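Architecture at a glance
What follows is the residue order along each chain.
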Amino acid sequence: MHDDRTLVEARLKRVLTERIRPAIYPESVPLEVGVWHAPGEPVPVAEGLAAPREPIAVGTPWGPPWGTSWFTVTGTVPEEWQGRIVEAVLDLGFNPEKIGFQCEGLVYRPDGTPVKSLNPRTQWVRIANPAQGGEEVCLHIEAASNPIILDYQPFKPTLLGDKETAGTEPLYRLARMDLAVFDKTVWELAMDLEVLGDLMHELPVDSGRRWEILRAVERALDALDLQDVGGTAEAARAELTGVLSSPAEPSAHRISAVGHAHIDSAWLWPLRETVRKVARTASNMTALLEEEPDFVFAMSQAQQWAWLKEHRPEVWAKVVKAVATGRFVPAGGMWVESDTNMPGSEAMARQFVHGKRFFIEEFGVDNEEVWLPDTFGFAAGLPQIIKAAGSKRLLTQKISWSQTNTFPHHTFLWEGIDGTRIFTHFPPIDTYNAQLRGGELAHAARNFKDKGAARHSLAPTGHGDGGGGTTREMVARAARLRDLEGSPTVTWETPAEFFAKAEAEYPNPPVWVGELYLELHRATLTSQAKTKQGNRRSEALLREAELWAATAAVRTGADYPYEALDRLWKTVLLHQFHDILPGSSIAWVHREARRTYELVIEELNGIIDTAQRALAGEPTGGTLVFNGAPHERHGVPAGGAAPEAPAAAVQVSPREGGGFVLEDGRLKVEIDGRGLVVSAYDLRAERETVPPGRAACLPQLHQDFPNKWDAWDVDEFYRNTVTDLTEADDVRLDGATVVVERSFGKSSLTQRLTLAEGRLEIDTEVDWHETEKFLKLAFPLDVRADRYAAESQYGHTFRPTHTNTSWEAAKFEACNHRFVHLEEPGWGVAMVTDSTYGHDVTRDVDEHGTTTTLRVSLLRAPRFPDPETDQGLHRFRHALVPGASIGDAVREGHFINQPERRVPGSAPVEPLVTVDDDAVVVTAVKLADDGSGDVVVRFHESRGGRARATLRPNFPVAEVVTTDLLERPTGEPERPGAAIPVSLRPFELVTLRMKRAARPAVSR
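Residues numbered from 1 in each chain as written. Predicted model: local features only at pLDDT ≥ 70, side-chain atom pairs only at ≥ 80, totals over all residues. Heavy atoms only, no water.

1. Focus on the overall build of the protein
Applied cut-off: Secondary structure follows DSSP: runs of H or I at least 4 residues long count as helices, runs of E at least 2 residues long count as strands, and numbering of each begins at the N terminus. The atom set for the radius of gyration is the C-alpha atoms, and the globule formula is 2.2 Å times the number of residues raised to the power 0.38. Contacts: residue pairs with any heavy atoms within 4.5 Å of one another. To measure how exposed things are, a 1.4 Å probe is used in the Shrake-Rupley method; for residues, cover is taken only from the protein chains shown.
In terms of helices and strands, the protein carries 19 helices and 52 strands. Here the C-alpha radius of gyration of the protein, 31 Å, is about what a compact globule of 1004 residues would show, namely 30 Å. Overall, the protein is about 95 × 70 × 60 Å in size when its C-alpha atoms are taken along their principal axes. Across the protein, every contact between residues at least 6 apart in sequence was considered, and the portion connecting residues at least 24 apart equals 75%. By element, 49% of the accessible surface of the protein is carried by carbon and sulfur atoms, the whole surface being about 36,300 Å².

Encoded structure:
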């Protein structure tokens, strides 16, 4: 037989495109269209439905950036369409390639009932099946003219990312507004041929199955009259029955399809638009569930569900009904799909507390699966938090984006810093927007790294970010691929059903220990500094607000601000979403975030002030120092208050050759005439910190123009060029503080260097007006270290300082929370920070030996998606602590983030709880969320060793019980004595709930 394969394949492509798909709607009539353009921000649905309309014709431009237009389409079903399927085809001017990143619509019936969304791949609305001739049609469309930010030149700077700079020119042109006959047989034929054509291309050319499909396709095309597609479609389908009914091989890979619409809670659109994206998608998916009995859809992010309940009750009602069927699934158990590198310990815990509690309270659903497909890497402290929240499984896809190394597993156990293991799956389909096309499925089967031991993988299926979710075409593909020779099998299943099967078939999967580092998007640790500072400050204040409010409630009977704290936590958690906190959203998002953090910080300071004044009592001329940190400071106990103690004196003298010398009895620091630290001598250890001939606290400037993903990425070649900012405009004394002023480019930098209790405090102010530059602060350290510690949630993770392998070399920018610590046996150095996250560590060898350089990342200046990223004034606080142990690093990190507060008063405040071992760090003291008045205390071992400690509640306790993060008992209640012994394994996390022996009633 002659090889006519390419001829038939080309024939199939053209016939599908030019004849079959156009014949899906063989007849149509235009609808009449009216429009009302809402002024300013979106209006309530009732207002949009009632607003007056003006006629608008197809082809007319509409929609300024970020505008809303309400269209009404009306018409009559022709009498000759009696008994047929009729749909409205409504094209707002969609770009078919920019799914989820452009205009969108939500269709309503005249009574305000939501129907479904309009998107580039779902432009239809079912009118009737069967239709009645003469039936009147009226639909309303709430259309959003969101601009395409990520366009064909994807990272070009644009002013469209903020309503204030986007302009008013219309972006779209109304394309099609028709009533049409839907020929289901032709549509089914298109689905048959599409699935078989996709499968055929993935099979080996010498495969008999490929040629069987080819010949069947050829017969089907021969049976099709191109001038009467509708009349001959059934005959064409009959020729395909045989190849579509041939079952899959017993060894075929098994794919669990989960309907999905990954919706970023903010990204290339503001938060207010996400509320509408969620409403559109939820409407679409509830409608599809009604039509497709096998389909299953999962939606994560409790915040998005809460938005529906608050803002779109008409959509919420449909969702609640769908959840009751078990096929619209609350997934993930987190408030948002947050970043997991930068959120602090308690914030990461509260993502699960608030997320899981919402689903439990609303639906009785307690998720065991964590759903994080798009987060930019996973901190090593996360497994313990997942377990402590009552979950045990994790799904993500993002690690497949790593540039350098291919992750060796798709199904495995992930082990965190404390030894907790979580069953984890990376879908080998390598997308969280699968369409169930043949190429995707074949890739999943080929790519699956655990074949031979396991056979199941998951495919999150649907268009995200406003693309409308899963389509009826995807459901049709799944139906044909359920059991089809040559293809993996496809079954709609919930995440829980998939994980149950995956765990059952793979009882001993491989183990991955430590962080899941994404070898991409490393610059998200630095972009949008004010967003990151707002997060860090809010986290610290939330901890303080809970601590002092709880103390005031127990000690004085003051009201505990349950509702305010709940609301403020949720606000901060929302802004930890993986495109807000990482700094990768449009200007509008970060402008609003800055204002939101200002309001959060103001309110939290008010809560703290109220509680502390209640505790301090009437002013008597004295001053109380409140210590919110978890370690004693200046004689003030952790979580308590005492009169202020005098500070140690610092001696200042001129340095020979220029500059100044600072000394406090523990540390002697020399700052030269350039304003650089050339010596930091540990007087107690008789040890120098700065290598010979080197200078620390050195600002360095790099060119920063990554190959793509500007706000997200810093590519390793940025290190090829560097400018040391050694020239000082002024180096002077201000009391015992050395002030250094520098200017560079269009920017200026002022540093204040102060000695305090053996640490060099560095206050850096930058007036930043550079573009595509990266500013770092370098600290060469005379330490030989093969690895270093960086704080993570409830502990720290170790990273190598060398680059022996490609895995180590790829970690050229990494995350820390409050500290980075390097040490040789017996002596170490800590760098602590109140707001920065990104850093790098490198090693050098010269004639003096091996040294290690730590550089903290301060500012970047990418131009996409926010062309004005970080322009303006910034302030950073760091401290260098020579001679620090890992325990010192933990303590100093808390001190810089929880500064003391001074309040008029003289009566000391006893802490609610005390712990007699500094290795045990209390991260939360609060009242129980249920309003019972119980005191909840959360603590962990912080140094990576064993700890035996005594926890003393300084109030009457009737009983104490261990709980999970949601404050649900995990053990049996006990009646404690005056002291509670605790024994902790390395980094172990514990939550105790204490019922007070006698307390007044607490109302919420």
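2. Description of the sheet that holds strand β45 (residues 901-904)
Keep this limit in mind: A pair of strands is treated as paired once DSSP finds two or more bridges between them. All axes here are fitted lines through C-alpha atoms, helices being fitted over the stretch that makes contact, and every angle between N-to-C directions spans 0 to 180 degrees.
Across the sheet, which stays open at both edges, the three strands sit in the order β24-β23-β45 with antiparallel pairing between neighbours. Bordering the open sheet on either side are β24 (640-643) and β45, each of which pairs with just one other strand. Strand-to-strand twist in this sheet, taken as the mean axis angle between neighbours without regard to direction, amounts to 35 degrees. Alignment of strand β23 (residues 623-627) against β24, held across four bridges, turns out to be antiparallel. Paired with F626 across the bridge in β24 is A641. Packing against the sheet, helix α15 (residues 529-556) makes contact with β23, β24 and β45, and its axis sits at approximately 40 degrees to β45. Sitting on the sheet, helix α17 (residues 587-616) touches β23 and β45, and the angle it makes with β45 is about 50 degrees.

3. A word on helix α12 (residues 438-447)
Using the following cut-off: Exposed residues in this analysis have more than 50% of their type's maximum accessible area, buried residues have under 20%, and partly exposed residues fall in between, with area computed by a 1.4 Å probe over protein chains only.
Considered for burial, the residues of α12 that qualify are G438, E440, L441, A442, A444 and N447. On its buried side, α12 packs onto α3 (184-202), β13 (254-259), α13 (472-481) and β21 (489-492).

4. A short note on unusual backbone geometry
At the junction of N129 and P130, the peptide bond is cis and its omega measures out at 5 degrees in the coordinates. The omega torsion across F864 and P865 is 5 degrees, close enough to zero to call that bond cis. Within the secondary structure, P865 is located in the loop between β43 (849-860) and β44 (872-882). You will see that Q301, though not glycine, has its phi angle at about 70 degrees, which is positive. Mapping Q301 onto the fold places it in the loop between β14 (297-299) and α8 (302-311). Q301 sits in the buried class, given a relative accessible area of 2%. Backbone geometry at Q528 places phi at a positive 60 degrees, although glycine is not the residue there. Mapped onto the secondary structure, Q528 falls in the loop between β22 (511-513) and α15. Residue Q528 is classed as buried on the basis of its relative accessible area, which comes to 2%.

5. Some words on the pairing of strand β52 (residues 989-996)
In terms of burial, β52 is largely enclosed, as seven of its eight residues are buried. Bridging between strand β48 (residues 935-941) and β52 involves six bridges; their strand directions are antiparallel. Bridge pairing in β52 places H940 opposite L989. Relative to β52, strand β50 (residues 957-963) runs antiparallel, the two being bridged by six bridges. Pairing of T962 across the sheet is with L992, part of β52.

6. Structural notes on the pattern of salt bridges
Quick reminder of the rule: What counts as a salt bridge is simple: a side-chain nitrogen of Lys or Arg found within 4 Å of a carboxyl oxygen of Asp or Glu.
On inspection of all chains with the given rule, the structure shows 86 salt bridges. Measuring nitrogen to oxygen at the nearest pair gives 2.8 Å for the salt bridge that ties R280 to E104. With R280 in helix α7 (residues 271-291) and E104 in strand β7 (residues 104-108), this pair connects stretches of sequence that are 176 residues apart. Between R472 and E473 there is a salt bridge; the shortest N-O distance is 3.9 Å. Grouping residues by exposure puts R472 and E473 together as buried. Taken together, the shared-partner salt bridges connect E41, E104, E142, K163, R272, E273, R276, K277, R280 and R312 into one network.

7. Let's talk about the packing of helix α1 (residues 5-20) against helix α4 (residues 208-223)
Applicable threshold: These descriptions rest on fixed angle ranges, namely under 35 degrees for roughly parallel, over 145 for roughly antiparallel, 65 to 115 for roughly perpendicular, and the rest for oblique. Each crossing gets its handedness from the near helix: less than a right angle anticlockwise from the far helix is left-handed, clockwise is right-handed. Think of it as three bins: nonpolar holds Ala, Val, Leu, Ile, Met, Phe, Trp, Tyr, Cys and Pro, charged holds Asp, Glu, Lys and Arg, and polar takes everything else, Gly as well.
Close contact between α1 and α4 brings their axes to 10 Å; oriented N to C, the two are set at 50 degrees. Relative to α4, the element α1 lies oblique. You can see that α1 and α4 cross each other, and the crossing is left-handed. Contact with α1, carried on its side by R5, V8, E9, R11, L12 and V15, involves R210, W211, L214, R215, V217, E218, L221 and D222 of α4 and no other residues of that element. Looking at the contact of α1 with α4 residue by residue, the class counts come to seven nonpolar, no polar and seven charged.

8. Description of the packing of α8 against helix α10 (residues 345-363)
Relative orientation of the contacting elements α8 and α10 amounts to 45 degrees, with a least axis distance of 9 Å. Taken together, the axes of α8 and α10 lie oblique to each other. Where α8 approaches α10, its residues A302, W305, A306 and K309 are matched on the opposing element by G355, F358, F359, E362 and F363. When its residues are assigned to classes, the contact of α8 with α10 shows six nonpolar, one polar and two charged.

9. Quick word on the environment of V107
Counting through the fold element by element, V107 comes out in strand β7. Using a relative accessible area of 0% as the deciding quantity, one classes V107 as buried. Measuring from C-alpha to C-alpha, the distance between V107 and T491 comes to 30 Å, with 384 residues separating the pair along the chain.

10. Observations concerning the packing of aromatic side chains
As a reminder, the rule being used: The aromatic pairing rule takes the rings of Phe, Tyr and Trp, using the six-membered ring of Trp, and pairs them if the centres are within 6.5 Å, calling planes under 30 degrees apart stacked, those over 60 edge-to-face and the rest tilted. Only Lys NZ and Arg CZ are tested; either one counts as a charge over a ring when it is within 6 Å of the ring centre and within 35 degrees of the ring normal.
If you walk through the whole model with that rule in mind, you get 37 aromatic pairs. Through pairs of rings, three or more aromatic residues link up here, namely F295, F297, W305, W316, F328, W335, F358, F359, F363 and W492. Directly above the aromatic system of W187 lies the positively charged group of R472, at a separation of 5.7 Å from the ring centroid.

11. Re the side chain of S283
Relative to the elements of secondary structure, S283 occurs in helix α7. Residue S283 is classed as buried on the basis of its relative accessible area, which comes to 0%. Residue contacts for S283: discarding those within four places in its chain leaves L106, P114, V115, K116 and V315.

12. Focus: the sheet that holds strand β35 (residues 759-768)
The strand order across the open sheet formed by nine strands is β32-β33-β34-β35-β44-β41-β40-β37-β38, and the pairing between neighbours is antiparallel. Edge positions in the open sheet fall to β32 (730-734) and β38 (795-800), since each of these has one partner strand only. The average undirected angle you get between the axes of adjacent strands in this sheet is 20 degrees. In terms of strand pairing, strand β33 (residues 737-744) meets strand β34 (residues 747-756) through seven bridges, oriented antiparallel. Within β34, the position partnered with R742 by the bridge is L749. Across the sheet, α15 is in contact with β41 (827-833) and β44; its angle to β44 comes to roughly 55 degrees. The strands touched by helix α19 (residues 886-897) are β35, β37 (787-792), β38, β40 (819-824), β41 and β44; relative to β41, the strand with the most contacts, the crossing angle is about 20 degrees.

13. Concerning α15
Using the following cut-off: Multiplying 1.5 Å by the helix residue count minus one yields the expected span of that helix.
Relative to the 40 Å expected for 28 residues at 1.5 Å per residue, α15 spans 39 Å between its end C-alpha atoms, a close match to the ideal helical length. The buried fraction of α15 amounts to 24 of the 28 residues, a majority that puts the element mostly inside the structure. Directly after α15, the chain includes G557, whose backbone phi takes a positive value near 80 degrees.

14. Quick word on the nonpolar core
What counts here: The criterion is simple. A nonpolar core is a set of buried Ala, Val, Leu, Ile, Met, Phe, Trp, Tyr and Cys residues joined through side-chain atoms within 4.5 Å.
Counting residues in hydrophobic clusters, the biggest one holds 203 residues, and the most contacted among them are W305, F328, F939 and M994. In this structure, W305 is in contact with M299, S300, W316, V319, V323, F328, V329, P330, F358, F359 and F363, ignoring residues within four places of it in sequence. Counting 46 residues, the second-largest nonpolar core is a separate cluster that includes L662, V669, A785 and V820.

15. Notes on the confidence of the model for the protein
Heads up, the rule is: Per-residue confidence from the prediction method is given by pLDDT, with values spanning 0 to 100.
Chain-level statistics for the protein give a pLDDT mean of 97 and a share of 99% at 70 or above. Confidence over residues 1000-1004 falls short of pLDDT 50; this stretch has nine contacts with residues more than four positions distant or in other chains.

16. A word on the environment of T17
Mapping T17 onto the fold places it in helix α1. According to the relative accessible area criterion, T17 is partly exposed, its value standing at 45%. Expressed as a C-alpha distance, the spacing of T17 and V661, which sit 644 residues apart in the sequence, is 78 Å.

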